[in-house]
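Here are the chains, one letter per residue:
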Amino acid sequence: MHRITVIGGGFAGLTAAITAAEAGVKVTVYEAHHTLGGRARTAEGPYRTNDGPHALYRGGAHWTWLKQRDLIPPLAPIPPLEAARLRLRHHGALRRTPPFAMLKLLRPGLPQAPVDLDYLSWATGVAGEEGARAAANYSAVALFHHDPGALSAAFVQERLRRATKLPPEAHYPRGGWASLIDRMAARAWNLGVRMETLSRVDVLPTDTPVVVATSLDAARRLLKDDSLTWTGGRTVLVDLAVRTRRGDAFAVSDLDSPGWIERFTAQDRSLAPADEQLIQGQIPIAPHETKADGRARAEHLLDLAFDGWRERVTWRREALANGRTGAVDLPGTSWRDRPAVDRGDGVYLAGDQVAAPGVLSEVSFNSALAAVSLALGRRQLDLKRA
Ligand SMILES: Cc1cc2nc3c(=O)[nH]c(=O)nc-3n(C[C@H](O)[C@H](O)[C@H](O)COP(=O)(O)OP(=O)(O)OC[C@H]3O[C@@H](n4cnc5c(N)ncnc54)[C@H](O)[C@@H]3O)c2cc1C
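Residues numbered from 1 in each chain as written. Predicted model: local features only at pLDDT ≥ 70, side-chain atom pairs only at ≥ 80, totals over all residues. Heavy atoms only, no water.

Cis geometry marks the peptide bond from Leu-166 to Pro-167; its omega dihedral reads -10 degrees. Phi is positive for Asp-70, close to 60 degrees, though the residue is something other than glycine. Looking at where Asp-70 falls in the secondary structure, it is placed in the loop between helix 2 (61–68) and helix 3 (80–83). Backbone geometry places Leu-360, a non-glycine residue, at a positive phi of 50 degrees. (Helix = DSSP H or I, 4+ residues; strand = E, 2+ residues; numbered from the N terminus.)

Laid out in C-alpha cells, this is it:
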C-alpha cells in the first residue's frame, strides 16, 4: 500500500498526513476551504480570534508528538500578575478562590469516577451538592456543554482535573493556533504531501485507503451513514475587543452556570492592536435556549469583571458553535462507544467525535494516528492501552 487519501486539512487531517508520509506513503490531502486548519484557523486582520481552539493542553499525547517534530510554535505564557486575575462567579458574586467543597473533587487519590453514573450524583457524594455543581460548571471550559452534571462522571472528572492542574496544562501558541497549523503544513509539505485546498470531496475515492478527517456531520453525509452521530454541545461564542483598562480580569469562570470569559491579550499582545484587549467568551446553552440567552449571560459576566466594557468596545462578533466543540459522553458511555475509526473497505474516520481518548482536539489527534496505523495494517496498540 503506497498511497493514502486524506479528506479534510484540519488538525486531524494534518496529523494523519504527516504520520502516513513519515511511514513512506504518498499522501494527498483534499481540503474544502481555501486554507488549511479547519476549526484551528485563526482569523486574519487586526483581531486574531480563533475559530475554535485556544489552549494546547500539555498532558496529551499530541504534545510529545508535536514537540518531537519541533512543531510546537513559540508559546505565550500567562504573566503571573495576570494569572492572579482569574475570577470565579459563585452565588452571583466574583471571588478569587474556589469554594472549599469544590476542592474536595481535586484531591489526589480520589477513587476513579464511574462511567455509568452522572457527574452530579457522583460528585455530590464526594463534595456535597454545592461543591459538585461548582466543579461541574468549572469543567465546562474544557467540554462546552450546558449541563456537565448530567454527563458521565468519568468524562467530566477527567476534564476537571486537566483544566485545574498546577502548573497549568493549558498553553497558548503565540499568534493563535494558525502558527501551529502553519508548522504542521510546512512539515507535511517537506515530506512531499500533496495538499489541495478549495477541493471539496463529494464522493469517496476507491483507489486508495481513505482517512475521512472532517467533522462527524460532514463524514455522515460523505459516507451516507446515518449511524455517524454523537452527543456534542451548543455554545455561544462572544468575541470582543475593548480599549485597555488596568485591572480587567484575566478570565472569569462561572460556577453558577457553565460559562467562561477570557482576555487572550493578557498572555499574547499580538492578538489585538496596541491599547486594545481581545476577550472571548464561551457560554454553553441548552437545546431550548437561543443565542440571545447566551449573549445575555456573557454580558452579565462582562459587567461583573470588566468595568465599563460597553463604552470601551471597539469590535464585536458573535457565533453559535453547534456540535463543533468535540464529543461529550453521557452516563454509561465512554470514548470507546463513539463511532469507530475503522469503517471497513479501507475507510477510516479521524476527528474529535470518534472512538479515541483525550480532551477536545486530542481526540482528533489520537484518532488520526489510529486511522493511519489501521490503514497501514498496524495494530492499534496505543489506543488499546489507553
Ligand atoms: C469554540 C471552540 C473552542 C475550542 N477550544 C479548544 C481548546 O481550547 N483546546 C483544544 O484542544 N480544542 C479546542 N476545540 C476543539 C478543536 O477545535 C477541534 O477538536 C479540532 O480543531 C478539530 O480538528 P479536526 O481536524 O478534527 O476537524 P476540523 O478542524 O473541523 O477540520 C475538518 C476539515 O475538513 C474540511 N472538510 C469538511 N468536509 C470536507 C469535504 N467534503 N472535502 C474536503 N474537506 C472537507 C473542513 O473544511 C475542515 O477544514 C475548540 C473548538 C471550538 C469550536
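Packing of helix 2 against helix 11 (residues 361–375) brings their axes to within 9 Å, and their N-to-C directions diverge by 65 degrees. What the angle tells us is that helix 2 and helix 11 run roughly perpendicular. For the pair formed by helix 2 and helix 11, the contact residues are Ala-61, His-62 and Trp-65 on the first element and Ser-361, Glu-362, Phe-365, Asn-366 and Leu-369 on the second. Across the contact of helix 2 with helix 11, the residue classes break down as four nonpolar, three polar and one charged. (Axes fitted to C-alpha atoms, helices over the stretch in contact; angles between N-to-C directions. Parallel < 35°, antiparallel > 145°, perpendicular 65-115°, else oblique. Contact = heavy atoms within 4.5 Å. Nonpolar A, V, L, I, M, F, W, Y, C, P; charged D, E, K, R; others polar.)

This paragraph deals with the domain arrangement of the protein chain. In terms of domain boundaries, the protein chain breaks down into domain 1 (3–74 + 173–230 + 333–375) and domain 2 (79–167 + 234–322). For domain 1 versus domain 2, the distance between C-alpha centres works out to 27 Å. Taken residue by residue, the interface counts 22 residues in domain 1 and 25 residues in domain 2. A buried area of about 1700 Å², summed over both sides, lies between domain 1 and domain 2, and 53% of it is on carbon and sulfur atoms. Counting across the domain 1 and domain 2 interface gives one salt bridge. A salt bridge links Glu-362 to Arg-162, with the shortest nitrogen-to-oxygen separation between them at 2.6 Å. If you look at where domain 1 meets domain 2, you find six residue pairs in polar contact (both at pLDDT 80 or more). (Domains from an automatic or database assignment. Buried area = accessible area lost by both parts, 1.4 Å probe. Salt bridge = Lys/Arg side-chain N within 4 Å of Asp/Glu carboxyl O. Polar contact = N/O pair within 3.5 Å; in protein donor to acceptor, adjacent residues only side chain to side chain.)

Structurally, Thr-229 can be placed in the loop between helix 8 (216–223) and strand 9 (232–243). Residues Thr-229 and Arg-89, 140 residues apart in the sequence, show an inter-C-alpha distance of 34 Å. Each residue touching Thr-229, except ones within four places of it in the same chain, is listed here: Leu-216, Arg-220 and Pro-339.

We now examine the confidence of the model for the protein chain. Predicted coordinates in areas of low pLDDT are best not read in detail. Averaged over all residues, the pLDDT of the protein chain is 95; the fraction at 70 or higher stands at 97%. Below a pLDDT of 50 lies the segment residues 379–386, which in the model reaches 14 contacts outside its immediate sequence neighbourhood of four places, other chains included. (pLDDT = per-residue confidence, 0-100.)

Attention shifts here to the nonpolar core. Generally speaking, nonpolar side chains in soluble globular proteins are found buried as a group. Residues Leu-66, Met-184 and Val-212 are the most contacted members of the largest nonpolar core, which totals 53 residues. Among the elements that line this core, the one with the most residues is helix 1 (residues 11–22), at eight residues. Those residues in contact with Met-184 that lie beyond four places of it in its chain are Phe-11, Leu-14, Thr-15, Ile-18, Trp-65, Leu-66 and Leu-71. Judged by nonpolar contacts, the second largest core, of 40 residues, contains Leu-151, Phe-250, Phe-264 and Ala-272. (Core = buried A, V, L, I, M, F, W, Y, C linked by side-chain atoms within 4.5 Å. Buried < 20%, exposed > 50% of the residue type's maximum accessible area, 1.4 Å probe, protein only.)

What follows concerns the site of the ligand. Around the ligand, the surrounding shell holds 34 residues, and the nearest of these are Glu-31, Arg-39, Asp-352, Ser-361 and Ser-364. Contact distances for the ligand include 3.0 Å between an oxygen atom and a backbone N or O atom of Phe-11. The separation between a nitrogen atom of the ligand and a polar main-chain atom of Ala-55 is 2.8 Å. Against a free-state accessible area of 1000 Å², the protein chains account for coverage of 94% of the ligand. Breaking the shell around the ligand down by element, the ones donating at least two residues are helix 1, strand 13 (313–327) and helix 11. Looking at the shell around the ligand residue by residue, the class counts come to 15 nonpolar, 13 polar and six charged. (Near = heavy atom within 4 Å. Areas by Shrake-Rupley, 256 points an atom, 1.4 Å probe, with all protein chains shown as cover.)

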